[in-house]
2 protein chains.
Amino acid sequence: MTLQPFNIGGLSRQTGVNIETIRYYEKIGLLPPPARSQGGFRQYEDHHLQRLRFIRRGRDLGFSIDSIRALLTLAERPDSPCEGADQMVLLHLDEVERKIADLTLLRDELRKMKNCCGQVVAQCQIIGSLTAPGSAQQDAI
Amino acid sequence: MTLQPFNIGGLSRQTGVNIETIRYYEKIGLLPPPARSQGGFRQYEDHHLQRLRFIRRGRDLGFSIDSIRALLTLAERPDSPCEGADQMVLLHLDEVERKIADLTLLRDELRKMKNCCGQVVAQCQIIGSLTAPGSAQQDAI
DNA sequence: CATGGACCCTGGAGCCACTACAGAGTCAAC
DNA sequence: GTTGACTCTGTAGTGGCTCCAGGGTCCATG
Ligand SMILES: [Zn+2]
Ligand SMILES: [Zn+2]
Ligand SMILES: [Zn+2]
Ligand SMILES: [Zn+2]
């Protein structure tokens, strides 16, 4: 079942990927260049749609372009072992967990800072804690 | 007590800010240009150190350069009210909390994906869930 | 006074993953 | 044939740095 080819706008609508981004993916070799109409319009087919959905989902999961490239290469060889993919997920999960931990510390610091209701800058806890780090609870500078 | 001026390397060591970054901050007008030695070396003084520490702390808390610029402007007017600073902390806290929530969803998805022990790509859950989104638990494509 | 080595200078390019144009051309419906 | 939505290319910009080449400076030794 070979469907009608569609323009870049159609591909964009079906994937939620920005047109400019689609062209960018082609430029960096992530999406193969499609056939062109007589006037030069890109004409995509179903396999482009599949591939772009894969890419989109990978990006949504926070994988880098390079990781997605590797995952796509893997996906093209159905008989090869998938340890590589496992590794990449684990690595990325670590990364995400570290980021959450960092942001949680940040959040706690910001929460400590936020109770400074309508003073003047000279007595402001926020400005104070930026000026003299270590304690967000301290008095003014 | 006016201490001896120090070079960019000294400022870098005392703040933990990269030399290139210090020059960058000067270029974008975040750190005022210091005096120069006869040979053209930058000669920093105590107030540069204070200001750069403020910047560094702001960056560590995840504030954007523009926010830090605004906070610095505020800090220079000790008699003005500090509502602006309060606002910025609250906004940024929101941002951080949203980021944590997003990453937590991501983390959960990645955790669901990660149990694919040594199969072949054609049966791989990871590749599968990237190919056909919606369920990371599903069988192979 | 000369030399060595640590330090510093400028200007520009590169990073990531897009996004935003400008100025032109194409396609299909009416 | 005209409209108007769509698409094309190429370039530049975003944030916040980071790195480099190809030089110049500073000061403690010999
Ligand atoms: Zn990752
Ligand atoms: Zn305040
Ligand atoms: Zn913020
Ligand atoms: Zn697998």
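Our subject in this report is the structure included herewith.

Conventions we followed
In this convention, every chain numbers its residues from 1, walking through the sequence in written order. Following the order in which they are written, the chains are lettered starting with A and the ligands numbered starting with 1. Only residues with pLDDT of at least 70 are given local features in this predicted model, and only at 80 or more are side-chain atom pairs given and counted; all residues enter the totals for whole chains, interfaces and linings. Note that the side-chain values use all heavy atoms of the structure and ignore hydrogens as well as water. Donor atoms (N, O, S) are those found within 2.8 Å of the metal centre, with the cutoff raised to 3.2 Å for Na, K and Ca; water is not part of the atom list, so apparent gaps in a site can occur. The helix count covers DSSP runs of H or I at least four residues long, the strand count covers runs of E at least two residues long, and both are numbered beginning at the N terminus. Polar contact is defined as a pair of N or O atoms within 3.5 Å, subject to the rule that within protein one atom must be able to donate a hydrogen and the other to accept it, and that residues adjacent in sequence are counted only when both atoms are side-chain atoms. Residue contacts are counted whenever heavy atoms from the two residues lie within 4.5 Å of one another. One heavy atom suffices: a residue is near a molecule or strand as soon as one of its heavy atoms comes within 4 Å of it. Three residue categories are used. Nonpolar comprises Ala, Val, Leu, Ile, Met, Phe, Trp, Tyr, Cys and Pro, charged comprises Asp, Glu, Lys and Arg, and polar comprises the others, including Gly. Here, axes are lines fitted to C-alpha atoms. For helices the fit covers the stretch in contact, and angles between N-to-C directions go from 0 to 180 degrees. In this scheme, roughly parallel covers angles under 35 degrees and roughly antiparallel covers those over 145, while 65 to 115 is roughly perpendicular and the rest are oblique. Note: crossing handedness is left-handed where the near helix turns anticlockwise from the far helix by less than a right angle, and right-handed where it turns clockwise.

What about the coordination of the zinc ion (ligand 1)?
(1) Moving on: Bound to the zinc ion (ligand 1) are the protein donor atoms His 92 of chain A (ND1) and Glu 95 of chain A (OE), situated 2.2 to 2.6 Å from the metal. Pair noted here: His 92 of chain A and Glu 95 of chain A are both in helix H5 (residues 83–113), with a separation of three residues, about one helical turn.

Describing the side chain of Ser 80 of chain A
(1) Moving on: The residue Ser 80 of chain A is located in the loop between helix H4 (65–75) and H5 in this model.
(2) Moving on: For Ser 80 of chain A, the side chain forms a polar contact with the main-chain oxygen of Arg 77 of chain A, separated by 2.8 Å.
(3) Moving on: Beyond its immediate stretch of four places on either side in the chain, Ser 80 of chain A contacts Leu 74 of chain A together with Val 120 and Val 121 of chain B.

Details of the protein's contact with DNA strand D
(1) Moving on: Gly 9, Arg 23 and Arg 42 of chain A together with Tyr 25 and Arg 59 of chain B are the nearest of the 20 residues found near DNA strand D.
(2) Moving on: Here a phosphate oxygen of DNA strand D sits 2.8 Å away from a polar atom, N or O, in the side chain of Tyr 25 of chain B.
(3) Moving on: Looking at the surface near DNA strand D, the elements with two or more residues in it are helix H1 (8–15) and helix H2 (19–27) of chain A together with helix H2 (19–27) of chain B.
(4) Moving on: When residues of the surface near DNA strand D are assigned to their parent elements, the largest contribution, four residues, is made by H2 of chain B.
(5) Moving on: Residues that form the surface near DNA strand D fall into these classes: seven nonpolar, eight polar and five charged.

Considering the protein's contact with DNA strand C
(1) Moving on: Neighbouring DNA strand C are 20 residues; Tyr 25 and Arg 59 of chain A together with Gly 9, Arg 23 and Arg 42 of chain B lie closest to it.
(2) Moving on: Looking at DNA strand C alone, sugar and phosphate atoms form 77% of those within 4 Å of the protein.
(3) Moving on: Here a phosphate oxygen of DNA strand C and a side-chain polar atom of Arg 59 of chain A are 2.8 Å apart.
(4) Moving on: At 3.0 Å, a side-chain N or O of Arg 36 of chain B approaches a phosphate oxygen of DNA strand C.
(5) Moving on: Mapped onto the surface near DNA strand C, the elements with two or more residues apiece are H2 of chain A together with helix H1 (8–15) and H2 of chain B.
(6) Moving on: Sort the elements by how many residues they give to the surface near DNA strand C and H2 of chain A lands first, with four residues.
(7) Moving on: When the residues that make up the surface near DNA strand C are grouped by side-chain class, the tally is seven nonpolar, eight polar and five charged.

Points about the packing of helix H3 (residues 46–60) of chain B against helix H4 (residues 65–75) of chain B
Residues and elements named next belong to chain B.
(1) Moving on: Closest axis-to-axis distance for the H3/H4 pair is 10 Å, and the angle between their directions is 135 degrees. Here H3 is positioned oblique relative to H4, judged by the angle of their axes. In the crossing of H3 with H4, the sense of the turn from one axis to the other is right-handed. Touching Arg 51, Phe 54, Ile 55, Gly 58 and Arg 59 of H3 are Ile 65, Ile 68, Leu 71, Leu 72 and Ala 75, all from H4.
(2) Moving on: In the contact of H3 with H4, the residues fall into seven nonpolar, one polar and two charged.

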